[in-house]
Amino acid sequence: MNYTFRFRDVFSSWDILQDGLLLTLRLSVITILAGLVIGTLCAAAMTYGPRWLRLSVQSYVEVIRNTPLIVQLFLVFFGLPSLGVRLDAETASVLTLSVNLGAYTSEIVRAGLEAIPKTQIEAGHALGLTGPQIFRYIVLFPALKTTYPALASQFILLMLATSVVSQISAEDLFHAASIIQSRTFRDFEVYAVVAGIYLALALALRVMFSGFYHLAFGRR
Amino acid sequence: MSLVACRDVVKRFGTNTVLDGVSLEVAAGEIVAIIGRSGSGKSTLLRCVNGLEAIQDGSIRVGDTTINAPGADLRAVRQRVGIVFQSYNLFPHLTVEKNITLAPRVVKKISDRDARQIASDVLAKVGLSEKVNAYPDSLSGGQQQRVAIARSLAMNPDLMLFDEITSALDPELVGEVLKVLEALASQGMTMMLVTHEMGFARRCADRVVFMHQGKIWEQGSAATFFDNPKTPELTSFLSAVLH
Ligand SMILES: Nc1ncnc2c1ncn2[C@@H]1O[C@H](COP(=O)(O)OP(=O)(O)OP(=O)(O)O)[C@@H](O)[C@H]1O
Ligand SMILES: [Mg+2]
């Protein structure tokens, strides 16, 4: 092997990487928030909703979880224009990723909702609370608390999966890597640096999530 | 007019008839103890009285609300009828104070300040003022049950239902909960209580009701009931629980 590493070529394009990193972060944050809301609502619908609603939500979840993310993304970005819906790359990415994460999140939160003892719900009814009040004040917090570790892992997977949006030319971190690669042909250096950045991001998220856990759920 | 009137109440789970024509009136201020074998329908009767279970026939009136009438406002009824379960059912993620103030704040829209005042009043009644900021899992079973009673009292109910609230407790913790019940009794609270504590029923109840096979088999004033059972079923039940 007679190869000299030249990481300098990569770091001289740091501004491109930085712009990509910002989009990756933005996509991740928006999608995690949207996915959590979608997932929670869907979990509630699957657990407490009428039959027709349960079935529709269940179908959404199954379709999403049994098709590749990249196909979903292409369907939204390249397919929808045929129906007259034209989205820019970033919007299509946020939409697809949120809908995708929502499906996975709803299965996780649903397990949490089902673990809440029926007696808790009954105690709420006995005190005169409405169904939505019981959900909000009695059920939601313990359900999110028990499912938090699974949710956090799912969110980190999502952050890593955002790299797929480069395929519709959204200018995320991985897209930046491809640009630098085509300019410098330093494949190993570029992808090693980008892998390092994703790794650092994932670790940072892990630390943030565990800090948030103690803030939100760690009483005493 | 009685506070509670059950007329020919029939409750079925599928084909299993659990209440088979129960008629029972409870006057305001009266304390009615309900006893009977496991499966005789005691819990079900209480749960029907605050509308947690729907009935198939007959009628149940609480105050001036017929709770089995179509469109009856069950939530309004439940605000006036407290129920305490054997298993406490406190909300584990909320402090004692928040457990107590939740329904006053959310259901009655009482201000935070007033709700906290109520919490402090009812906690004093059950002798747990110092536990206001504790979480349920740091309390003993007896303390948790007293908080559960306080939580119901915070809604200022006209009627309290107690379903074997001492059955899950270690024997040495039963007394502290019964003391709270006795205090409530002396303040004139109307109560229907399912209990296995025959001594307590004899001491505190105005009337004792013996349920058997989904029916009110026999009832009488606490003074005479235990000494002169009329039916063989009650006789054998009493001899089983008293010895
Ligand atoms: N949700 C339910 N679904 C089906 N059957 C039920 C339900 N709740 C109670 N039952 C049945 O109704 C009957 C009476 O139950 P209930 O709980 O009222 O008895 P109980 O007198 O309170 O007994 P225990 O002393 O064991 O608490 C039992 O046969 C029980 O299996
Ligand atoms: Mg029972």
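Scroll up to find the structure.
Owing to the predicted nature of the structure, the values given are computational and were not obtained by experimental measurement.

K.L.:
I'm lost on the overall build of chain A in this one. Help?
P.N.:
Counting secondary structure elements, chain A contains nine helices and zero strands. Beginning at the N terminus, the succession of helices and strands in chain A can be written as α-α-α-α-α-α-α-α-α. Across its three principal axes, chain A shows a C-alpha extent of roughly 75 × 50 × 30 Å. Residues classed as buried in chain A amount to 46% of the 220 residues present. Of the accessible surface of chain A, which amounts to about 11400 Å², a share of 68% is contributed by carbon and sulfur atoms. Charged side chains of chain A number 16 positive and 13 negative; the gap between the two group centres comes to 10 Å.

K.L.:
Help me understand unusual backbone geometry in this model?
P.N.:
The phi angle of most residues is negative, glycine excepted, and most peptide bonds adopt the trans form. For phenylalanine 185 of chain A, which is not glycine, the phi torsion reads 55° and is therefore positive. Along the chain, phenylalanine 185 of chain A falls in the loop between helix 8 (173–184) and helix 9 (187–216). On the basis of relative accessible area, phenylalanine 185 of chain A is assigned to the exposed category, the value being 61%. Positive phi values are uncommon outside glycine, yet asparagine 156 of chain B reaches one of about 55°. Residue placement: asparagine 156 of chain B occurs in the loop between helix 5 (141–153) and strand 7 (159–163).

K.L.:
Any chance you could explain the pattern of salt bridges here in plain terms?
P.N.:
For the structure on display, the rule yields 19 salt bridges over all chains. Glutamate 122 of chain A is the salt-bridge partner of arginine 47 of chain B, the closest N and O atoms lying 2.6 Å from each other. Of the two residues, arginine 47 of chain B is situated in helix 1 (residues 42–49) and glutamate 122 of chain A in helix 6 (residues 118–126); the pairing between them involves two chains. Where arginine 80 of chain B meets aspartate 158 of chain B, a salt bridge forms, and the shortest distance between an N and an O atom there is 3.8 Å. With arginine 80 of chain B in helix 2 (residues 74–80) and aspartate 158 of chain B in the loop between helix 5 and strand 7, this pair connects stretches of sequence that are 78 residues apart.

K.L.:
Explain the interface of chain A and chain B here, please?
P.N.:
Many structure descriptions define interface size as the accessible area lost when the parts assemble. On the chain B side, the residues contacting the 18 residues of chain A number 25 residues. Both faces combined, the contact of chain A with chain B buries some 1900 Å², and carbon together with sulfur accounts for 61% of it. At the junction of chain A with chain B, the criterion picks out one salt bridge. On inspection of chain A and its partner chain B, the count reaches five residue pairs in polar contact (both at pLDDT 80 or more). For the side of chain A that touches chain B, the secondary structure elements donating two or more residues are helix 6 and helix 7 (131–161) of chain A. At seven residues, the largest contribution of residues to the side of chain A that touches chain B is made by helix 6 of chain A. Residue composition of the side of chain A that touches chain B, grouped by class: eight nonpolar, seven polar and three charged.

K.L.:
Looking at this structure, I do not really get the packing of helix 3 (residues 51–65) of chain A against helix 5 (residues 89–114) of chain A. What am I missing?
P.N.:
For any two helices packed against each other, the geometry comes down to the angle between their axes and how far apart the axes lie. Residues and elements named next belong to chain A. Between helix 3 and helix 5, the shortest axis-to-axis distance is 9 Å and the interhelical angle comes to 120°. The two elements helix 3 and helix 5 meet at a crossing, and its hand is left-handed. Residues Gln58, Tyr60, Val61, Ile64 and Arg65 of helix 3 form the contact with helix 5, whose participating residues are Val99, Asn100, Gly102, Ala103, Tyr104, Ser106, Glu107 and Arg110. Classifying every residue of the contact of helix 3 with helix 5 gives six nonpolar, four polar and three charged.

K.L.:
Got a minute to help me understand helix 8 of chain A in this structure?
P.N.:
One turn of an α-helix holds 3.6 residues; hence residues three or four places apart share an orientation. Residues and elements named next belong to chain A. Under the 1.5 Å per step criterion, the end-to-end length of helix 8 is 17 Å for twelve residues, consistent within 8% with the ideal 16 Å. Buried residues along helix 8 sit in contact with helix 1 (7–11), helix 2 (14–48) and helix 9. Phi turns positive one or two residues past the end of helix 8, at phenylalanine 185, with a value near 55°.

K.L.:
What is the right way to read the pairing of strand 4 (residues 57–62) of chain B from this model?
P.N.:
A regular strand places its side chains on the two faces of the sheet in alternate fashion. Residues and elements named next belong to chain B. Relative to strand 4, strand 1 (residues 4–13) runs antiparallel, the two sharing five bridges. Looking at strand 4, one finds that arginine 7 is bridged to serine 59. As judged from the two bridges shared by strand 4 and strand 5 (residues 65–66), these two strands associate in the antiparallel manner. Residue valine 62 lies in a different strand from strand 5, and its bridge partner there is threonine 65. Taking the residues between adjacent antiparallel strands as the criterion, strand 4 and strand 5 are bridged by two residues, where glycine 63 takes a positive phi near 60°.

K.L.:
Can you walk me through the packing of helix 6 of chain A against helix 7 of chain A in this structure?
P.N.:
All names here are of chain A. Running from N to C, helix 6 and helix 7 cross one another at 135°; their axes reach a closest spacing of 10 Å. In terms of orientation, helix 6 and helix 7 fall into the oblique class. The way helix 6 lies across helix 7 gives a crossing that is right-handed. Residues Gln120, Ile121, Gly124 and His125 of helix 6 pack against Ile134, Ile138 and Val139 of helix 7.

K.L.:
I keep staring at empty space enclosed by the protein and nothing clicks. Help me out?
P.N.:
In this approach a probe as big as a water molecule rolls over the atoms, and the regions it shows empty are the leftover space. Enumeration over the complete set of coordinates arrives at three cavities of 30 Å³ or more. Its volume calculated, the largest cavity comes out at about 90 Å³. Around the largest cavity, the lining is made up of 14 residues, and of these Ala126 and Leu127 of chain A together with Ile83, Arg151 and Ser152 of chain B lie nearest the centre. For the lining of the largest cavity, the secondary-structure elements that each account for two or more residues are helix 6 of chain A together with strand 6 (81–84) and helix 5 of chain B. Counting residues per element, the lining of the largest cavity draws most heavily on strand 6 of chain B, at four residues. Of the residues in the lining of the largest cavity, the class split is ten nonpolar, two polar and two charged.

About the criteria used
Sequence order as written defines residue numbering, which begins from 1 separately in each chain. Chain letters and ligand numbers both follow the written order, the letters beginning at A and the numbers at 1. Totals for whole chains, interfaces and linings use all residues, but because this is a predicted model, local features are given only for residues with pLDDT of at least 70 and pairs of side-chain atoms are given and counted only at 80 or more. Excluded from the side-chain calculations are hydrogens and water; all other atoms, namely the structure's heavy atoms, are used. Here a helix means four or more residues in a row that DSSP labels H or I, a strand means two or more in a row labelled E, and each is numbered from the N terminus. Using a 1.4 Å probe on the protein chains alone, a residue whose accessible area is under 20% of its type maximum counts as buried, one over 50% counts as exposed, and one in between counts as partly exposed. Only the protein chains shown count as cover for residues, and all accessible areas are computed by the Shrake-Rupley method using a 1.4 Å probe. Counted as positive: Lys and Arg. Counted as negative: Asp and Glu. His and the chain ends are not counted at all. For this purpose, a charge sits on NZ of Lys, CZ of Arg, CG of Asp or CD of Glu. We count a salt bridge whenever a side-chain nitrogen from Lys or Arg sits within 4 Å of a carboxyl oxygen from Asp or Glu. Residue contacts are defined here by distance: any two heavy atoms, one from each residue, within 4.5 Å place the two residues in contact. Here the buried area means the combined drop in accessible surface, using a 1.4 Å probe, for two parts upon being joined, counting both sides. Any pair of nitrogen or oxygen atoms within 3.5 Å is treated as a polar contact; in protein, a donor-acceptor pairing is required on top of that, and neighbouring residues in sequence qualify only through side-chain atoms on both sides. Under the grouping applied here, Gly and all other residues not named as nonpolar or charged are polar, the nonpolar ones being Ala, Val, Leu, Ile, Met, Phe, Trp, Tyr, Cys and Pro and the charged ones Asp, Glu, Lys and Arg. Lines fitted to the C-alpha atoms define the axes, with helices restricted to the stretch that makes contact. Angles between their N-to-C directions range from 0 to 180 degrees. Crossings are sorted by hand: turned counterclockwise from the far helix by less than a right angle, the near helix makes the crossing left-handed, and turned clockwise it makes it right-handed. An expected span of 1.5 Å times one less than the residue number is assigned to each helix. Note: two strands are recorded as paired if DSSP finds a minimum of 2 bridges between them. Throughout this description, any angle smaller than 35 degrees is read as roughly parallel, any larger than 145 degrees as roughly antiparallel, any in the 65 to 115 degree range as roughly perpendicular, and the remainder as oblique. Cavities and pockets were defined on a 1 Å grid built from protein atoms only: a cavity is a group of points that admits a 1.4 Å probe but offers it no way out, a pocket is an open group of points flanked by protein on both sides within 12 Å along at least five of seven lines, and a lining residue is one with an atom within 4 Å of any such point. Grid points are joined across faces, edges and corners, and a volume is the space filled by probe spheres set on the points.

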